[in-house]
Amino acid sequence: MDALSICKIWGLNGRTDPESFKACVPLVTHKDLEPCIQRVADGAFSPILTRKPITTISISSGTTQGKPKFVPFNDELMETTLQIFRTSFAFRNKEFPIENGRALQFIYSSKQIKTKGGLFAGTATSNVFRNSQFRKAMKAMQSECCSPDEVIFGPDFHQSLYCHLLCGLIFHEEIQLVSSTFAYSIVLAFRTFEQVWEELCDDIREGVLRSRITFPSVRSAMAKLLKPNPELADLIEKKCSGLSNWYGLIPELFPNVKYIYGIMTGCMEPYLKKLRHYAADVPLISADYGSSEGWIGANINPSLPPESATYAVLPNIGYFEFIPLKENVEEHMQDNGNVSFLSMEPKPVDLTEVRVGEEYEVIITNFGGLYRYKLGDVVKVMGFHNSTPELKFVCRRNVMLAINIDKSTEQDLQLAVEEAAKLIAKEKLEVIDFSSNVDVSTDPGHYVVFWEISGEVSDEVLTECCNCLDRSFVDGGYVSSRKVDAIGPLELRVVRRGTFQKILDHYLGLGAALSQFKTPRCVGPTNNEVLQILCDNVAKNYFSTAF
Ligand code: AMP
């Protein structure tokens, strides 16, 4: 690991042993590193975070924090990305072998911008998709994308999505797997299919693209693939007409598909129900665990259902530490040169010191110039593969509803929504997407949960859903505060159809890429624009009477 300037700043003086490293280098967050990263982006010539200059910047989706972040990207991170992909593929292919064919990958690139210092900046996934090594690796894994580059790198995601679907249908017999970075994009793709399938069939029948595809590069790339094929159009029409509520759509369209692949854990779990509906018996396999900042672990148990998926940490792609969440904060005296100061720092443990059943926050030191970087993710150790821990993703640490002494996490919200959604599932309806915030404009403040639902539900059922949500938040601080009215009744706000699409469009407008999009589950006060979209689209609201 190359830590030239860090060595100087923290007085490592050439020492590379873990004890000196931990004693000298403090834990940092993105905010601490921002000035350094900004200097890199502005074209600083001297080595700042790594000895070899950083030539590319990744822009994190920022959907969890509301604001995109810059992080360094370099060849070493690209190499670890491929290592993770190859590792999980080796395990996956033993249990679910794929044959020579193609992959229907719903992948999209963000716009690539140039920073002030002339560095290319794009989302981490775009940086990976643009790299020539990525294509080679996909070919070696028999997972080449069936869509041409012009579609993946197309400037408009609506048009790219339509073309991905079209390519999938053209190569329908060859498709071995359906994938995306996060499962959300697969669900969005097939929801879109439900709307546009007749148009897709017309295009295939006549061999001519609809006028909705306007970008010349995309049109000409697609024209090379599209030939009049009335038999295929008839076949797809027949298959679609034969389905009941689109159950089993994916295997019906792609008879040779072996599995569906994408990140399905954490904030992707709420989309699993819909994905299973489209997939019928086709296995769902969760993809690996990583972030724009760097990779962490590979899914080496692909036959486990996504709800139980774990990620084995690849110990050679970084130096990983874990802050135990059970332990209390300890006081440390730090001697930083001639200045002594007292800081409150939780003491992290090393990779092999973690305990099964315990929860931790992940800290990364990696080849991308991050040193003791607090990722903000909470994981639980489920076991060990040889000596490396297998982690279950729990939630983001900072996504939290809190008013009083309560601390409800993203996972608490997810479970509450899952429970309440059962009440509308009885009417064959579903929660398409959801979010939340705390409303402290009332006294006492209260939780607000926003739901977009797939159809009309009676006031009576929605009132029940609202009560169920309120009862399902299990955090002790929440329950006791509700009992004494220190937190007001939970409010369920039902938003109009298409509201969450507007939120997606808002993020894409900011330069995010669909490939990395995650619906913000808790909209904080700094995320005004998203809160505005939600509030402007409220159709009905209900207050709980559960307490
Ligand atoms: P970003 O870099 O903005 O695309 O997002 C990275 C974040 O996505 C991570 O810090 C996690 O919170 C989440 N994430 C990535 N991989 C997984 C996974 N396999 N399971 C659950 N969450 C994940």
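Residues numbered from 1 in each chain as written. Predicted model: local features only at pLDDT ≥ 70, side-chain atom pairs only at ≥ 80, totals over all residues. Heavy atoms only, no water.

**Details of the overall build of the chain**
The number of helices and strands found in the chain is 18 helices and 24 strands. For a compact globule of 547 residues, the expected C-alpha radius of gyration is about 24 Å, and the chain comes in at 24 Å, within 12% of that figure. Seen along its three principal axes, the alpha-carbon backbone of the chain occupies a region of about 80 × 60 × 45 Å. Considering only residue pairs separated by 6 or more positions, the chain has 70% of its internal contacts joining residues 24 or more positions apart. Per element, the accessible surface of the chain, about 23,500 Å² overall, is 53% carbon and sulfur. Positive and negative charge centroids in the chain, built from 56 and 67 side chains respectively, lie 4 Å apart. (Helix = DSSP H or I, 4+ residues; strand = E, 2+ residues; numbered from the N terminus. Rg over C-alpha atoms; globule rule 2.2 N^0.38 Å. Contact = heavy atoms within 4.5 Å. Areas by Shrake-Rupley, 256 points an atom, 1.4 Å probe, with all protein chains shown as cover. Lys, Arg positive; Asp, Glu negative; His and termini not counted. Charge placed at Lys NZ, Arg CZ, Asp CG, Glu CD.)

**Concerning the sheet that holds strand 9 (residues 289-291)**
Within a sheet, adjacent strands bond to each other through the backbone by hydrogen bonds, running parallel or antiparallel. The sheet built from eight strands is open, its strands ordered 9-10-11-18-17-16-12-15 with antiparallel pairing. The open sheet has two edge strands, strand 9 and strand 15 (349-350), and neither has a second partner. (Pairing = 2+ DSSP bridges.)

**As for the packing of helix 9 (residues 183-206) against helix 11 (residues 230-242)**
Where helix 9 meets helix 11, the closest approach of the two axes is 7 Å, and the angle between their N-to-C directions is 160 degrees. Classified by the interaxial angle, the pair formed by helix 9 and helix 11 is roughly antiparallel. The crossing of helix 9 and helix 11 is left-handed. Contacts between helix 9 and helix 11 involve Phe 193, Trp 197, Cys 201, Ile 204 and Arg 205 from the former and Pro 230, Leu 232, Ala 233, Asp 234, Ile 236, Glu 237, Cys 240 and Ser 241 from the latter. Taken together, the residues of the contact of helix 9 with helix 11 sort by class into nine nonpolar, one polar and three charged. (Axes fitted to C-alpha atoms, helices over the stretch in contact; angles between N-to-C directions. Parallel < 35°, antiparallel > 145°, perpendicular 65-115°, else oblique. Left-handed = near helix turned anticlockwise from the far one by under 90°. Nonpolar A, V, L, I, M, F, W, Y, C, P; charged D, E, K, R; others polar.)

**Brief notes about the UniProt feature "domain: GH3 C-terminal" (unreviewed entry) in the chain**
Under the local residue numbering, the UniProt record ascribes the feature "domain: GH3 C-terminal" (unreviewed entry) to residues 411-523. The straight-line gap between the two end C-alpha atoms of residues 411-523 is 15 Å; of that span, 42% is helix and 19% is strand. (UniProt positions renumbered as here; feature names shortened; annotations may be inferred.)

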